[in-house]
Amino acid sequence: MRKLIIIAALVASTVAPAHAISEAYRRQLQHDHKTMVSEANAPVNASTVKPIHVKKLGVDFKRGTDGIAYINGSPAANDENNADAQTYSAGLISVIVYKNGKINAMKEGKYLGRLK
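Remember, it's a predicted structure, so these values are computed and weren't measured experimentally. (Residues numbered from 1 in each chain as written. Predicted model: local features only at pLDDT ≥ 70, side-chain atom pairs only at ≥ 80, totals over all residues. Heavy atoms only, no water.)

Undergrad: Before we go on, may I ask you to explain the overall build of the protein in this structure?
TA: Looking only at helices and strands, one finds 3 helices and 8 strands in the protein. Reading the protein from its N terminus to its C terminus gives the helix and strand order α-α-α-β-β-β-β-β-β-β-β. In the protein, buried positions account for 22% of the 116 residues. The contacts of the protein with a sequence gap of at least 6 include a subset with a gap of at least 24, amounting to 16%. For the protein, the computed accessible surface area is about 8,800 Å², with 58% contributed by carbon and sulfur atoms. (Helix = DSSP H or I, 4+ residues; strand = E, 2+ residues; numbered from the N terminus. Buried < 20%, exposed > 50% of the residue type's maximum accessible area, 1.4 Å probe, protein only. Contact = heavy atoms within 4.5 Å. Areas by Shrake-Rupley, 256 points an atom, 1.4 Å probe, with all protein chains shown as cover.)

Here you go:
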């Protein structure tokens, strides 16, 4: 008797698969050509990124409208992005771009000076 109950439960679970999202929501996402992953990976405030090019104190910092930055010709990693500033680093040099327009540079964790 137990074997029949287990077999019936297995057959029922394979016939009716469980969905993580509702069918109506899935159809809406498909109609809008969106997925939950693409919505989560959408760029935040991508239109507010302004291109910057500053060369001062031995630091050549460039950032395009796409948000990709270079320090002294090397690609820079975006280490931190918050409401006040964005921090980029490449090698031993870090550049902090504040929302108010100020740009500071650091080398090995020590303050170099203001680039802009």
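Undergrad: For this particular structure, what's the right way to read the sheet that holds strand S2 (residues 59-63)?
TA: If you trace the 8 strands from one edge of the open sheet to the other, you get S1-S2-S3-S4-S5-S6-S7-S8, paired in antiparallel fashion. Of all strands in the sheet, those bounded by a partner on one side alone are strand S1 (52-56) and strand S8 (110-114). Adjacent strand axes in the sheet meet at a mean angle of 25 degrees when their direction is disregarded. The sheet contact formed by strand S5 (residues 85-90) and strand S6 (residues 93-98) spans 6 bridges and is antiparallel. Bridge pairing in S6 links alanine 85 to tyrosine 98. (Pairing = 2+ DSSP bridges. Axes fitted to C-alpha atoms, helices over the stretch in contact; angles between N-to-C directions.)

Undergrad: When you look at the environment of valine 59 in this model, what are you seeing that I'm missing?
TA: Structurally, valine 59 can be placed in strand S2. With near-sequence residues (within four places) excluded, valine 59 lies in contact with Val54, Ile71, Asn72, Ile93, Val95, Ala105, Leu112 and Leu115.

Undergrad: Whenever I open this one, the nonpolar core confuses me. Can you help?
TA: For soluble globular proteins, the rule of thumb is that nonpolar side chains tend to be buried together. By size, the foremost hydrophobic cluster in this structure holds 15 residues, and its most contacted members are Phe61, Ile71 and Val95. In terms of residue count, the dominant contributor to this core is S6 (3 residues). Not counting the four nearest positions on each side in its chain, phenylalanine 61 is found in contact with Ile52, His53, Val54, Ala69, Tyr70, Ile71, Tyr88, Val95 and Val97. (Core = buried A, V, L, I, M, F, W, Y, C linked by side-chain atoms within 4.5 Å.)

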